[in-house]
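# Chain and residue survey
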Amino acid sequence: MKGLANFIMRGRLQALVVAVAGAGSLLFCWISAAAIALVTLRRGAGQGGWLLLWAVLPAGALMLAFGDSGPLALLLGTGALALVLRLTVSLPLAILASVPVGLVTGWAVAVFGGPVLEQMLVFFDQFLGSLEQQMAAEGAAVVTLARPTALQVAGMLGAANAIFSVLCLLLARWWQAALYNPGGFGSEFRALYYPPAVSSLLVVVALGLAFLGLEYRSWAAICLVPLTAAGLALLHARVAIRGRGTGLLAGFYIAWVLFDLAKIMVVIAAVADSWLGFRQRWQASTGGNVSRRDDSDDRD
């Protein structure tokens, strides 16, 4: 992966090839998005925007031809986060920007993505129907699984775009550190933190949306993306202070993917850290420092 980042930064032509090559594919658009973010972070908004304009062409053609707006949404979302990071040099603020990115994406799908929503609803209906038939064939009690609504699916797509935009941004930031500031990304990510006012506001808005009904819970998840990132950063900070625990990290990520309880625990940990300052307590007890970062190579 570092070799790909080095290829991207060799010149405009190389960066353009990578940005355009994957932009029209759902499988590889994340590489294009990360490449655009890397150029934006290192070379500035002008060159990053130039790449984005070219990459939008195949992504837009894919949307017009097949109704798949995923690659276009990911390119625009990651580009927006990279621009925020470039201007503010603040990873917490850049990840916080994933909330409006997700909300705007969900709104755009709900308003303009009728065909996409219809396809998704048909898919969910067929998938859940096959599960019902399988359960009936195994002798279980007859169960009718709830089908998601169009509004709920739009929220899911918005949350997915917010999450993947953050992941592409983090990949670009890791590339940047690997090339120009080795070790810088790790210390920066482990220091990811939100003050009590921000974390509390995110939780309140998420709970407010969740209480509106089941179809709004996917929209509530968008507000929890920054807290999820902060909670995972807290876990990495704890492992770094202990000096071991790679296996623990891998096991926890598997649990986080599979179980909703693990996702809730990560958010709770992030909110608790906002109020209690776990990192400072750990540093005081061990004499370590997980929050130091080096911004000397963030910009040219």
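In the block above lies the structure referred to throughout.
Figured I'd write up the structure that's included with this text.

Cut-offs applied
- Residues numbered from 1 in each chain as written.
- Predicted model: local features only at pLDDT ≥ 70, side-chain atom pairs only at ≥ 80, totals over all residues.
- Heavy atoms only, no water.
- Helix = DSSP H or I, 4+ residues; strand = E, 2+ residues; numbered from the N terminus.
- Contact = heavy atoms within 4.5 Å.
- Areas by Shrake-Rupley, 256 points an atom, 1.4 Å probe, with all protein chains shown as cover.
- Lys, Arg positive; Asp, Glu negative; His and termini not counted.
- Charge placed at Lys NZ, Arg CZ, Asp CG, Glu CD.
- Core = buried A, V, L, I, M, F, W, Y, C linked by side-chain atoms within 4.5 Å.
- Buried < 20%, exposed > 50% of the residue type's maximum accessible area, 1.4 Å probe, protein only.
- Phe/Tyr/Trp six-rings, centres within 6.5 Å; stacked < 30°, edge-to-face > 60°.
- Lys NZ or Arg CZ within 6 Å of the ring centre and 35° of its normal.
- Patch = residues over 30% accessible without salt bridge, like charges linked within 9 Å, V, L, I, M, F, W, Y side chains within 5 Å.
- Salt bridge = Lys/Arg side-chain N within 4 Å of Asp/Glu carboxyl O.

## Some details on the overall build of the protein chain
- Summing up its helical and strand segments, the protein chain has 16 helices and zero strands in all.
- For the protein chain, the spread of C-alpha atoms along the three principal axes comes to 60 × 50 × 35 Å.
- Taking contacts inside the protein chain between residues at least 6 apart in sequence as the whole, the part at least 24 apart equals 72%.
- Accessible surface computed for the protein chain: about 15100 Å², of which carbon and sulfur atoms make up 70%.
- Of the charged side chains in the protein chain, 19 are positive and 14 negative, and the gap between their average positions amounts to 13 Å.

## Some details on the nonpolar core
- With 70 residues, the main nonpolar core has Ile8, Leu75, Ile95 and Leu192 as its most contacted residues.
- Top element by residues in this core is helix α9 (residues 150–180). It accounts for twelve residues.
- Ignoring anything within four residues of it in the chain, the contact list for Ile8 reads Gln14, Ala15, Val18, Ala35, Leu38, Val39 and Trp175.

## Focus: the packing of aromatic side chains
- On inspection of all chains with the given rule, the structure shows five aromatic pairs.
- Relative to Phe112, the ring of Trp107 lies with its centre 5.8 Å away and its plane at 90 degrees, an arrangement referred to as edge-to-face.
- On the basis of relative accessible area, Trp107 is assigned to the partly exposed category, the value being 48%.
- A centroid spacing of 6.0 Å and a plane angle of 15 degrees characterise the contact between Phe278 and Trp282, whose relative ring orientation is stacked. Pair noted here: Phe278 and Trp282 are both in helix α16 (residues 278–286), with a separation of four residues, about one helical turn.
- A relative accessible area of 18% places Trp282 in the buried class.
- A connected cluster of aromatic rings, assembled from ring pairs, spans Phe123, Phe124 and Phe127.
- Between the NZ or CZ atom of Arg238 and the centre of the ring of Trp282, over which it lies, the distance is 5.0 Å.
- One Lys or Arg, Lys263, reaches over the ring of Trp256 and ends 5.4 Å from the middle of that ring.

## Remarks on a nonpolar patch on the surface
- Taken together, the side chains of Ile254, Val257, Leu258, Phe259, Leu261 and Met265 present a nonpolar region at the surface, about 660 Å² in accessible area.
- Elements supplying a minimum of two residues to the nonpolar patch: α14 (246–258) and α15 (260–276).
- Tallying contributions element by element places α14 first for the nonpolar patch, with three residues.
- With respect to the helices, strands and loops of the structure, Val257 is situated in helix α14.
- By relative accessible area, Val257 is classed as exposed at 56%.

## A look at the pattern of salt bridges
- This model, assessed by the stated rule, comprises four salt bridges.
- Across the salt bridge formed by Arg173 and Glu188, the nearest N and O atoms sit 2.9 Å from each other. Placement of Arg173 in helix α9 and of Glu188 in helix α10 (residues 184–190) is noted, with a sequence separation of 15 residues between them. With respect to burial, Arg173 and Glu188 carry one shared label: buried.

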